[in-house]
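Listed here are the chains, written in short residue letters.
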Amino acid sequence: MKELIKKLAQVSAPSGRERKAHLAILEELEGFIDGHRFDNVGNLIVWKNGNGENKKKIIFDGHADEIGVVITHIDERGFLRIDPVGGVNPLMLLGVLMNFDGITGIVSYEAETDEDARKSLTQPSYDRLFVDIGATSHEDACKKVHIGQFGSYLSPFFDLDPMLVSKSMDDRVACAIVVQTIKETQHPYHDIYGVFAVQEEVGLLGAKVAAYDLHADIAIAVDVTAHTDTPKGNKRMDLQLGKGPAIKIKDKGSISDETIVRLLTTCAEENQIPFQYEVLVFGGTDAQGYQLTGAGIKAGTLSIPCRYVHSPHEMVHIQDVTNAVRLLKAVALKPNW
Amino acid sequence: MYLKDLCEIHGASGNEEQVRTYIQEQLKSVDQPGQVDVLGNLFFERKGNGKSDKTILLLAHMDEVGLMVTNIQDDGLLAVSPVGGVDPRVLPGKRVWVGENNTPGVIGYKAIHLQKDDYKTIPNWEKIRVDIGVQKKEEAQKTVSLGDYVHFYSAFEEYENRYVGKALDDRGGCAILMALYRELPVLDYNVVFAFVVQEEIGLRGSGSTLKRYKPDAAIIVEGTTAGDNPELKKERWSTHLDNGPAISYLQSGYALDYRLFEAILAFANQKGIQYQLKGRTVGGTDGTRLAGSYFGVPCAGVNIPSRYIHSPVSVISKKDFENTKQLIADILTEEILLKALEVKV
């Protein structure tokens, strides 16, 4: 499982450029699925047919994209300017390495005067950031990168057992969970559709399209969520790493359908799987896309508590991950809800 | 000239009727009357020769930003609210047209003689009023009523290499679609020309287009921000006038389809066609709506760089306008989009 998480998380695939993530997922699933296809906007949809008499159609969604940046300008000396892809606080980028399809860049900031430098550090903005790819001139830079090229964090995978750290745990850890669930569920009762959705980070775009296409009975988005178990962690919520996957009750984008909260709770209790409930005071997941599109699909979210979301180093607890797989397997196998 | 006529017509979001009528009148002589859907979107469909059943959608929005009357005060002044994104700083001292009767009005401001530090504060909607030259509510009510649209008063002009006027976002796109509808030969596949409503208030019009025509790909033709003002850092300009059509790759809510983006770039590079890449990623277009609705349509964005958009005067380059039209025509005749999508993801 750790190897799978590492493999998927280390792929560089920001919103709109999910191809490499999709190929890695397909490689893992070869021989374990009954079919796959790419839809019009590039969602990877895989399926495994159930054998149950009263089977339903279930979507397990893990979005394939990650946050990142895009090159918007290359100056005379070969320095790059960037804009965010999804929600990337410029504060997170100071001193960070970025990966543009194999070209490494260092993010730094303007500092023409002392005051300017102070401003760059205290009120970071994309207007003040630049990326240095070691180019010696405009022409040199243009040989390596181009405007409109997407980049992602360049940060390694660490096994800090039981914690795992990598870029893009959001949402490759969920991709790994869905992949592993399908691999381990040789004979599901229900029809299982794995949706590795595109462009979640810029606006749940892929989930909306998949929702319209698939006419599923329920959709469970798997996504990372916040944490509160660090020094001076958020006091308004309770989310702890290692306490189990979190069954989402509500976030800013959706209220999980009652039936799904009940289904996940029952499956967890029946199988002695630890879990926690989640009420997130911000954020949203693909569940929103599934609920609002077409006639709507009953949707909810199974969350993995994660520290430092949208930073270069996102941390999850391995047992939350393996327990999420157990829980989704139980859902795939449970005949009557 | 289509562009001049289009820019001088009034059509804030939800009030596109005159724009629609104009386009329909001009194009119906070609071969068909066009189709109007329940939302007010206008479509002209150019069927292909039957070799391919694919459909490409070209889309421009008919609406422009403007204002709406929200209160008629006892003193006859009109309080207004923006329709779409309008910066209140561009309004003081401007002339406007109010309502269906085109009642002329001005947006007043405090004379400089009376100001102390007023210039330090930004005008806001609490203070913006339209003066139509009456002293009493009853007089104003003779020609104006609540909910009347207020449009910028601005004549279209041509300079050496510039077009100047209001509403170039997106009448420039409309004018290009009109010209292409007239000039393009019958192709192997279908082309739908969509003139849609209510883009400026949240991409409300374009969604219905999908179910009607089930397009395989779309090009959104927009007037886009230049932001190449001298006081702004060159690194942060969005586009620059005279540098050619602006191709976009990321916008609010959507990373434009990479297959189409890369194919258009490769094509333009190979043919030596001038273009520029948009330097900013803020702001949305109907592409976000089309890609995220129903079965999802892969979209490309080809834009006319426009200075001072969403104000009473915007400026585009004649050369950019022509080159944008030509680039889209070439993309269509060379089947660039369909070829790009044939490649499996």
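Fair warning: this is a prediction, and the values are worked out from it, not measured in the lab.

A few points about the domain arrangement of chain A
Residues and elements named next belong to chain A.
Here's step 1: As assigned here, chain A comprises domain 1 (2–66 + 167–333) and domain 2 (68–153).
Here's step 2: The interface is formed by 12 residues belonging to domain 1 together with 13 residues belonging to domain 2.
Here's step 3: The largest share of the area that domain 1 buries against domain 2 comes from Pro-14, His-310 and Pro-312, three residues that together contribute 37% of it.
Here's step 4: On inspection of domain 1 and its partner domain 2, the count reaches one salt bridge.
Here's step 5: The interface formed by domain 1 and domain 2 contains four residue pairs in polar contact (both at pLDDT 80 or more).
Here's step 6: Across the side of domain 1 that touches domain 2, the residue classes tally to three nonpolar, four polar and five charged.

Quick word on the interface of chain B and chain A
Here's step 1: Across the boundary between the two partners, chain B contributes 30 residues, which contact 29 residues of chain A.
Here's step 2: Applying the counting criterion to the chain B and chain A interface returns three salt bridges.
Here's step 3: For the side of chain B that touches chain A, the residue count by class is 14 nonpolar, six polar and 10 charged.

Overview of unusual backbone geometry
Negative phi values dominate among residues other than glycine, just as trans dominates among peptide bonds.
Here's step 1: That bond from Asp161(A) to Pro162(A) is cis: its omega, 10 degrees, falls within 30 degrees of zero.
Here's step 2: Residue position: Pro162(A) is located in the loop between strand S10 (158–160) and strand S11 (163–166).
Here's step 3: Even without being a glycine, Leu203(B) presents a positive backbone phi close to 55 degrees.
Here's step 4: In this model, His310(B) sits at a positive phi of 65 degrees, which is unusual for a non-glycine residue.
Here's step 5: Residue class for His310(B) comes out partly exposed when judged on its relative accessible area of 23%.

Describing the domain arrangement of chain B
Residues and elements named next belong to chain B.
Here's step 1: Here the domain parsing of chain B yields domain 1 (2–64 + 166–342) and domain 2 (66–152).
Here's step 2: The centre of domain 1, based on its C-alpha atoms, is set 32 Å off from the matching centre of domain 2.
Here's step 3: On the domain 2 side, the residues contacting the 13 residues of domain 1 number 12 residues.
Here's step 4: For the domain 1 and domain 2 pair, buried surface summed over both sides reaches about 1,100 Å², with 65% attributable to carbon and sulfur atoms.
Here's step 5: Three residues stand out in domain 1 for area buried against domain 2, namely His-10, His-310 and Pro-312, and they jointly supply 46% of the buried area on that side.

Here we look at the pairing of strand S5 (residues 78–83) of chain B
Residues and elements named next belong to chain B.
Here's step 1: Pairing geometry for strand S4 (residues 66–72) and S5, over six bridges, is antiparallel. From the neighbouring strand, Asn-71 faces S5, where its bridge partner is Ala-79.
Here's step 2: Count of turn residues in the S4/S5 antiparallel hairpin: five residues, of which Gly-76 carries a positive phi of about 85 degrees.
Here's step 3: Where S5 lies against strand S8 (residues 129–131), two bridges are found, and the strand directions are antiparallel. Counterpart to Ala-79 in the pairing with S8 is Arg-129.

Re the side chain of Gln276(A)
Residues and elements named next belong to chain A.
Here's step 1: Within the secondary structure layout, Gln-276 lies in strand S15 (residues 276–279).
Here's step 2: Within polar-contact distance, the side chain of Gln-276 engages the backbone oxygen of Gln-240 at 2.8 Å.
Here's step 3: Sequence-distant contacts of Gln-276, defined by excluding residues within four places in its chain, comprise Asp-238, Leu-239, Gln-240, Lys-243, Gly-244, Pro-245, Ala-246, Ile-247 and Pro-305.

Considering helix H1 (residues 2–9) of chain A
Residues and elements named next belong to chain A.
Here's step 1: Within the span of H1, buried status applies to Leu-4, Ile-5, Leu-8 and Ala-9. End-on view of H1: buried residues confined to an arc of 120 degrees, all on one side of the axis.
Here's step 2: On its buried face, H1 sits against helix H2 (19–29), S11, helix H5 (169–184) and helix H10 (318–333).

Re the packing of aromatic side chains
Here's step 1: Across all of its chains, the model carries 13 aromatic pairs over all chains by this definition.
Here's step 2: Note on Phe43(B) and Tyr213(B): the rings are 5.2 Å apart at their centroids and 65 degrees apart in plane angle, and the pair reads as edge-to-face. Of the two residues, Phe43(B) sits in strand S2 (residues 42–46) while Tyr213(B) sits in helix H5 (residues 208–213), which places them 170 residues apart along the sequence. As far as burial versus exposure is concerned, Phe43(B) and Tyr213(B) are alike and both buried.
Here's step 3: Summarising the aromatic geometry, the rings of Tyr181(B) and Phe193(B) are spaced 5.2 Å apart at their centres and angled 80 degrees between planes, so their arrangement reads as edge-to-face. Here Tyr181(B), found in helix H4 (residues 168–183), pairs with Phe193(B), found in strand S12 (residues 190–196); they are 12 residues apart in sequence, far enough to count as distant.
Here's step 4: Counting every residue linked through ring pairs, the aromatic cluster contains Tyr212(A), Tyr294(B) and Phe295(B).
Here's step 5: For Lys57(A), the ring lying beneath its charged end belongs to Tyr193(A), and the centroid distance is 4.7 Å.
Here's step 6: The ring of Tyr181(B) is capped by Arg46(B), whose NZ or CZ atom sits 4.4 Å from the centre of that ring.

A short note on a negative patch on the surface
Residues and elements named next belong to chain B.
Here's step 1: A cluster of acidic residues, Asp-74, Asp-75, Asp-131, Glu-138 and Glu-139, forms a negative patch on the protein surface.
Here's step 2: Inspection of the secondary structure assignment puts Asp-131 in strand S8.
Here's step 3: In this structure Asp-131 comes out as partly exposed when scored by relative accessible area, which is 32%.

A closer look at the packing of helix H2 (residues 17–28) of chain B against H4(B)
All names here are of chain B.
Here's step 1: Running from N to C, H2 and H4 cross one another at 15 degrees; their axes reach a closest spacing of 11 Å. In terms of their interaxial angle, H2 and H4 are classed as roughly parallel. As H2 packs across H4, the resulting crossing turns out to be right-handed. Between H2 and H4, the residues in contact are Val-19, Tyr-22, Ile-23, Gln-26 and Leu-27 and Arg-171, Cys-174, Met-178, Tyr-181 and Arg-182, respectively.

The rules behind these values
Residues numbered from 1 in each chain as written. Chains lettered and ligands numbered in written order. Predicted model: local features only at pLDDT ≥ 70, side-chain atom pairs only at ≥ 80, totals over all residues. Heavy atoms only, no water. Domains from an automatic or database assignment. Contact = heavy atoms within 4.5 Å. Buried area = accessible area lost by both parts, 1.4 Å probe. Salt bridge = Lys/Arg side-chain N within 4 Å of Asp/Glu carboxyl O. Polar contact = N/O pair within 3.5 Å; in protein donor to acceptor, adjacent residues only side chain to side chain. Nonpolar A, V, L, I, M, F, W, Y, C, P; charged D, E, K, R; others polar. Helix = DSSP H or I, 4+ residues; strand = E, 2+ residues; numbered from the N terminus. Buried < 20%, exposed > 50% of the residue type's maximum accessible area, 1.4 Å probe, protein only. Pairing = 2+ DSSP bridges. Arc of directions from axis to C-beta. Phe/Tyr/Trp six-rings, centres within 6.5 Å; stacked < 30°, edge-to-face > 60°. Lys NZ or Arg CZ within 6 Å of the ring centre and 35° of its normal. Patch = residues over 30% accessible without salt bridge, like charges linked within 9 Å, V, L, I, M, F, W, Y side chains within 5 Å. Areas by Shrake-Rupley, 256 points an atom, 1.4 Å probe, with all protein chains shown as cover. Lys, Arg positive; Asp, Glu negative; His and termini not counted. Charge placed at Lys NZ, Arg CZ, Asp CG, Glu CD. Axes fitted to C-alpha atoms, helices over the stretch in contact; angles between N-to-C directions. Parallel < 35°, antiparallel > 145°, perpendicular 65-115°, else oblique. Left-handed = near helix turned anticlockwise from the far one by under 90°.

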